[in-house]
Amino acid sequence: MTGPRPDRPDRQARSDRPADPVRVRLCPGGPLLVRGAQEVLDADGVAHPVERPVVAVCACGATGRAPWCDGTHARIGPRR
Amino acid sequence: MQLPRPRGPVSAAVIGALRGGPFDAAAVTAATPAAGLREADVQLALWTAYEVGYRGFDDADPDAERDLRVLAWRKAAEDLLEADLRARTSTMVDEARAGGRSVADRIAALVRDAPGAPLTRHLQKHATREQFQTYLADRSIYHLKETDPQVRVLGWIDGPAKVAHAELLYDEYGGGRPERLHSHLFAEAMRAAGLDATYGAYIDAVDAPTLVSNNVMSLFGSQRRLRGAALGHLAAFEATSTDPCRRIAAGAERVGFPDAVAAYFHEHVEADAVHEQVVLGDICGTAVAADPAIEDDVLLGAATCLLVDVEAAQALHDLLVADEQRPPAPLRVLRGERAAS
Ligand code: FES
Ligand SMILES: [Fe+2]
Ligand SMILES: [Fe+2]
């Protein structure tokens, strides 16, 4: 976790409160839906800021927009 | 926006009434046969009757939204449209209902089995800049008010489904940043492609299937009774977005449009990969768990989206390809020749 980002003043107000827990939901055959995170580290350790209320983190390895899911799992995967 | 140009007797009557003129609802209803339901005249009349409740028209009567004569006609036209949609999707819905363990599975199966149209592959690989402009102008009828038809259903659901839908809406509406509003991103894409991004600028140029595709969202999104269909439509819409958007972004880059055009579609690859999961599992799944009676309408809404959006995409593809046969026509795009007729 990093401190508040300068372009998101709303985060500043939150930083002195206890953070909401990060919640993760596994989507069978697809991504991890993540709520409450501030950033996601990719395989190279590069931090990707979370800029949506919910993000989908690729769990299949086939995305073209890592670390985010881009829907490619539906074309490669076993359909569960 | 000004009231649109009538496309026939029914739209002429409705548009005249909204301007404050006379209107005989019974006579116009009798002139709205099921047979012509999907044609531009009736669909434009319905689109206009809905639009008074979105951004409205500068030249409409200030109280046009509550014109009971037009509302009486609208109800009759909506009943015909709903019956037509239920009839045309019944096989898809029956098959979906028979399989799957959850409503999310059933919607996913509908999406998987739905036919496609060659439109987005054409945009990716072959379309000219002018054809791309036609596509963007056609889609502007929805995207300049993107998500507005899906707002009212938020008040008709509760609990986890409401929370998840609010999350999705917040993302569509920019996540707290006006410059990220999806409708704003689309307007920027239009301007970057050399189009007029004024709301409603191309309404006189779009064909009937595009109007149907827009009207079903308003039909489902304006009645609590049809809340399940509104959610199902949203589910199918989001679940059929990432692949087409990826292809369209590639096409926009291929024809050399400024970045704002591809940017709208790149944003939708990423956002709709999230929205698809949210709407299937967190919205439809929990809404149906809380209110099992809406499941059939959820499937109706999903099947309707898949049906009418493919029809609209096929019709637009055919128009683009037909235009290729008669050079130097691409600027039929803005359909000047029809507007002049
Ligand atoms: S999980 Fe969706 S692309 Fe990998
Ligand atoms: Fe969007
Ligand atoms: Fe979306």
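Residues numbered from 1 in each chain as written. Chains lettered and ligands numbered in written order. Predicted model: local features only at pLDDT ≥ 70, side-chain atom pairs only at ≥ 80, totals over all residues. Heavy atoms only, no water.

## Structural notes on the domain arrangement of chain B
All names here are of chain B.
1) Next: Considered domain by domain, chain B is made up of domain 1 (9-82) and domain 2 (100-334).
2) Next: Of note, the centres of domain 1 and domain 2, computed from C-alpha atoms alone, are 24 Å apart.
3) Next: Each partner contributes to the roughly 1,600 Å² buried at the junction of domain 1 and domain 2, and carbon and sulfur atoms together form 60% of this total.
4) Next: Looking at the side of domain 1 facing domain 2, the largest losses of area belong to Trp-47, Tyr-54 and Arg-55, adding up to 39% of the total buried there.
5) Next: For the interface between domain 1 and domain 2, the tally reads seven residue pairs in polar contact (both at pLDDT 80 or more). (Domains from an automatic or database assignment. Buried area = accessible area lost by both parts, 1.4 Å probe. Polar contact = N/O pair within 3.5 Å; in protein donor to acceptor, adjacent residues only side chain to side chain.)

## Let's talk about the side chain of Asp-272 of chain B
1) Next: By the element assignment, Asp-272 of chain B lies in helix α13 (residues 259-290).
2) Next: Although Asp-272 of chain B lies buried, it forms no salt bridge, and the closest oppositely charged side chain, Arg-52 of chain A, sits 7.5 Å away as judged by the N-O distance.
3) Next: Separated by 2.5 Å, the side chains of Asp-272 of chain B and Ser-241 of chain B make a polar contact.
4) Next: Beyond its immediate chain neighbours, meaning those up to four positions away, Asp-272 of chain B contacts Glu-172, Glu-238, Ser-241 and Thr-242 of chain B. (Helix = DSSP H or I, 4+ residues; strand = E, 2+ residues; numbered from the N terminus. Buried < 20%, exposed > 50% of the residue type's maximum accessible area, 1.4 Å probe, protein only. Lys, Arg positive; Asp, Glu negative; His and termini not counted. Salt bridge = Lys/Arg side-chain N within 4 Å of Asp/Glu carboxyl O. Contact = heavy atoms within 4.5 Å.)

## Looking at the coordination of the iron ion (ligand 3)
All names here are of chain B.
1) Next: Here the iron ion (ligand 3) is held by Glu-172 (OE), Glu-238 (OE), Glu-238 (OE), Asp-272 (OD) and His-275 (ND1), and the distances to it run 2.1 to 2.5 Å.
2) Next: We note that the donor set of the iron ion (ligand 3) lies within a single chain, spaced as E-x65-E-x33-D-x2-H.
3) Next: Between the iron ion (ligand 3) and the iron ion (ligand 2), the interatomic distance is 3.9 Å, and Glu-172 donates to each metal, bridging them. A residue pair is termed long-range when its members are at least 10 positions apart, and Glu-172 in helix α8 (residues 159-172) and Asp-272 in helix α13 qualify at 100 residues.
4) Next: The exposure class of Asp-272 is buried, given its relative accessible area of 1%. (Donors = N, O, S within 2.8 Å, 3.2 Å for Na, K, Ca; no water.)

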